[in-house]
Amino acid sequence: MKERRIQIAVFDFAAVSSGNAAKGVYVPDNTLLTAVGSFGADAGAPSVQTIDVQDDGTDVVTAQDLATNGLTTLTTPVSIAAGSVVEIDLNLSGGTTPTWTGQICLWGYVDE
């Protein structure tokens, strides 16, 4: 079995607020999620900007910081089974009517 690193999914957000930002994608192959990238900007000065990654409704990554743009390698890679739905939840709090605009990218290894 050969593995290759791929970009699993890219999620686009346009001026979304917490609670209005859940997005999901179907994962057809067994995947090892190893990194999360975020590239964007906030408005309304939120004091907390994080995402949760869910695998079929169960949190597998929680409170991943969005305040610093770039690629963050996960301390513990997460196995995602073939046929799963992976979802991103955006969490913003503090500030005045906070929103976030940008992209969140999931990276990992896929079995071939």
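Predicted model only: the values in this text are computed from it and were never measured.

A. Structural detail: the overall build of the protein. A count of helices and strands for the protein gives 0 helices and 8 strands. Written out in order from the N terminus, the α and β elements of the protein read β-β-β-β-β-β-β-β. Its C-alpha atoms give the protein a radius of gyration of 14 Å, within 12% of the compact-globule value 13 Å for 112 residues. Seen along its three principal axes, the alpha-carbon backbone of the protein occupies a region of about 50 × 25 × 20 Å. Per-residue burial for the protein yields a buried fraction of 38% across its 112 residues. Within the protein, contacts between residues at least 6 apart in sequence are counted, and of these 83% link residues at least 24 apart. In the structure as shown, the protein presents an accessible area of about 5,700 Å², 50% of it carried by carbon and sulfur atoms. Once the 4 positive and 13 negative side-chain charges of the protein are each reduced to a mean point, those two points are 12 Å apart.

B. Focus on the packing of aromatic side chains. Under the defined criterion, the tally for this structure stands at 1 aromatic pair. The interplanar angle of 65 degrees and the centroid separation of 6.0 Å between the aromatic rings of Phe-13 and Trp-100 together place this pair among those described as edge-to-face. On the criterion of sequence distance, the pair formed by Phe-13 in strand S1 (residues 3-16) and Trp-100 in strand S8 (residues 99-111) is long-range, its members being 87 residues apart. The pair formed by Phe-13 and Trp-100 is uniform in burial state, with each residue classed as buried.

C. A look at the nonpolar core. Counting residues in each nonpolar core, the largest one holds 21 residues, and the members touching the most others are Leu-33, Ile-51, Val-53, Ile-88, Ile-104 and Leu-106. Of all the secondary structure elements, the ones that give two or more residues to this core are S1, strand S3 (31-43), strand S4 (48-55), strand S6 (70-80), strand S7 (84-93) and S8. When near neighbours in sequence (up to four residues on either side) are disregarded, Leu-33 contacts Ile-8, Val-53, Val-61, Leu-74, Pro-77, Val-78, Ile-80, Leu-106, Trp-107 and Gly-108.

D. Region of the structure containing the sheet that holds strand S5 (residues 58-65). An order of S2-S7-S4-S5 is seen for the 4 strands of this open sheet, with the pairing classed as antiparallel. Strands with a single pairing partner mark the edges of an open sheet, and in this sheet they are strand S2 (23-27) and S5. Neighbour-to-neighbour, the strand axes of this sheet turn through a mean angle of 20 degrees, independent of strand direction. Bridging between S2 and S7 involves 5 bridges; their strand directions are antiparallel. Looking at S7, one finds that Val-27 is bridged to Ser-84.

Definitions and cut-offs
Starting from 1, residues in each chain are numbered consecutively following that chain's sequence as written. Reporting of local features is limited, given that this is a predicted model, to residues whose pLDDT is at least 70; pairs of side-chain atoms are given and counted only at 80 or more, and all residues count toward the totals for whole chains, interfaces and linings. Processing note: side-chain calculations cover all non-hydrogen atoms of the structure and skip hydrogens and water entirely. Here a strand is any run of E in DSSP of at least two residues, a helix any run of H or I of at least four, and the numbering for each starts at the N terminus. Here the radius of gyration uses the C-alpha set of atoms, whereas the globule reference equals 2.2 Å times the residue count to the power 0.38. Whether a residue is buried, partly exposed or exposed follows from its accessible area with a 1.4 Å probe, protein chains only, as a fraction of its type maximum: under 20%, in between, or over 50%, in that order. Whether two residues touch is decided by their heavy atoms; if any such pair falls within 4.5 Å, the residues are in contact. Here the open area of atoms and residues is found with the Shrake-Rupley method and a 1.4 Å probe, where only the protein chains shown may cover a residue. Just so you know, the count uses Lys and Arg for positive and Asp and Glu for negative, and it drops His and the chain ends. Here the site of a charge means atom NZ of a Lys, CZ of an Arg, CG of an Asp or CD of a Glu. Centres within 6.5 Å are what make two rings of Phe, Tyr or Trp a pair, Trp counting through its six-membered ring; a difference in plane orientation under 30 degrees is then read as stacked, over 60 as edge-to-face, and the rest as tilted. In plain words, nonpolar cores are sets of buried Ala, Val, Leu, Ile, Met, Phe, Trp, Tyr and Cys residues tied together by side-chain atoms within 4.5 Å. Strand pairing follows a simple DSSP-based rule, namely that at least 2 bridges must link the two strands. All axes are obtained by fitting lines to C-alpha atoms, using only the stretch in contact for helices, and the reported angles, taken between N-to-C directions, cover 0 to 180 degrees.

So yeah, pure geometry; function would need other evidence.
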